[in-house]
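Understanding the architecture of this molecule
Letter by letter, the chains look like this.
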Amino acid sequence: MRAVVQTVSRASVTVGDEVVGEIGTGLLVLLGVTHADTPQVAATMARKIHELRILDGEKSAADTSAPILLVSQFTLYGDARKGRRPSWTAAAPAEQAEPLVTAVVQALRDRGATVETGRFRAHMLVESINTGPHTLLLDL
């Protein structure tokens, strides 16, 4: 499982004309799933995201109750080392990835986090105003 975590002053996800997820100051998380990921990996990723000390004063979302906008992003497993057309073979198929993305969201909520999401398998417009900027790659 791989996540890009960014600090934002605001972020949103729009599908069509509908805003499906929106936060103010908090974390935007782009989450990719690969074939070997399990529910245990999902739980570990949720803990790492929630406790990541990337906010002002080396605080975490757990410390500050900062909201999280989590968006599924299979392209985090794109491979463009050969040629110009990326390969997506390292990304888990949607049938495997969707329950694991849902597991990360649920694990975050179980920890007390406020979590907004995108919409799985939809064409999403993701907008964000990064702060810091702080961007970190978590790779489990």
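Residues numbered from 1 in each chain as written. Predicted model: local features only at pLDDT ≥ 70, side-chain atom pairs only at ≥ 80, totals over all residues. Heavy atoms only, no water.

1. Details of the layout of surface pockets
Quantified by volume, the largest pocket comes out at close to 310 Å³. Lining the largest pocket we find 17 residues, and of these Ser72, Gln73, Phe74, Arg121 and Met124 sit closest to its centre. Elements that contribute at least two residues to the lining of the largest pocket include exactly strand S3 (26–32) and helix H3 (94–110). Among the residues forming the lining of the largest pocket, the class breakdown is 11 nonpolar, four polar and two charged. In this structure, the second largest pocket occupies an estimated 150 Å³ of space. (1 Å grid on protein atoms, 1.4 Å probe; cavity = no way out; pocket = protein on both sides within 12 Å on 5 of 7 lines; lining within 4 Å. Points joined across faces, edges and corners; volume = space filled by probe spheres on them. Helix = DSSP H or I, 4+ residues; strand = E, 2+ residues; numbered from the N terminus. Nonpolar A, V, L, I, M, F, W, Y, C, P; charged D, E, K, R; others polar.)

2. Quick word on the pattern of salt bridges
Should their charged atoms come close, side chains of opposite charge can pair. The full count for this structure, using the stated rule, is seven salt bridges. Glutamate 58 is the salt-bridge partner of arginine 53, the closest N and O atoms lying 3.1 Å from each other. One continuous salt-bridge network, built from bridges that share partners, spans Arg47, Glu51 and Arg111. (Salt bridge = Lys/Arg side-chain N within 4 Å of Asp/Glu carboxyl O.)

3. Comments concerning the packing of aromatic side chains
Taken as a whole and judged by the stated rule, the model has one aromatic pair. Relative to tryptophan 88, the ring of phenylalanine 74 lies with its centre 5.4 Å away and its plane at 75°, an arrangement referred to as edge-to-face. Placement of the pair is phenylalanine 74 in the loop between strand S4 (68–72) and H3 and tryptophan 88 in the loop between S4 and H3, with a sequence separation of 14 residues. (Phe/Tyr/Trp six-rings, centres within 6.5 Å; stacked < 30°, edge-to-face > 60°.)

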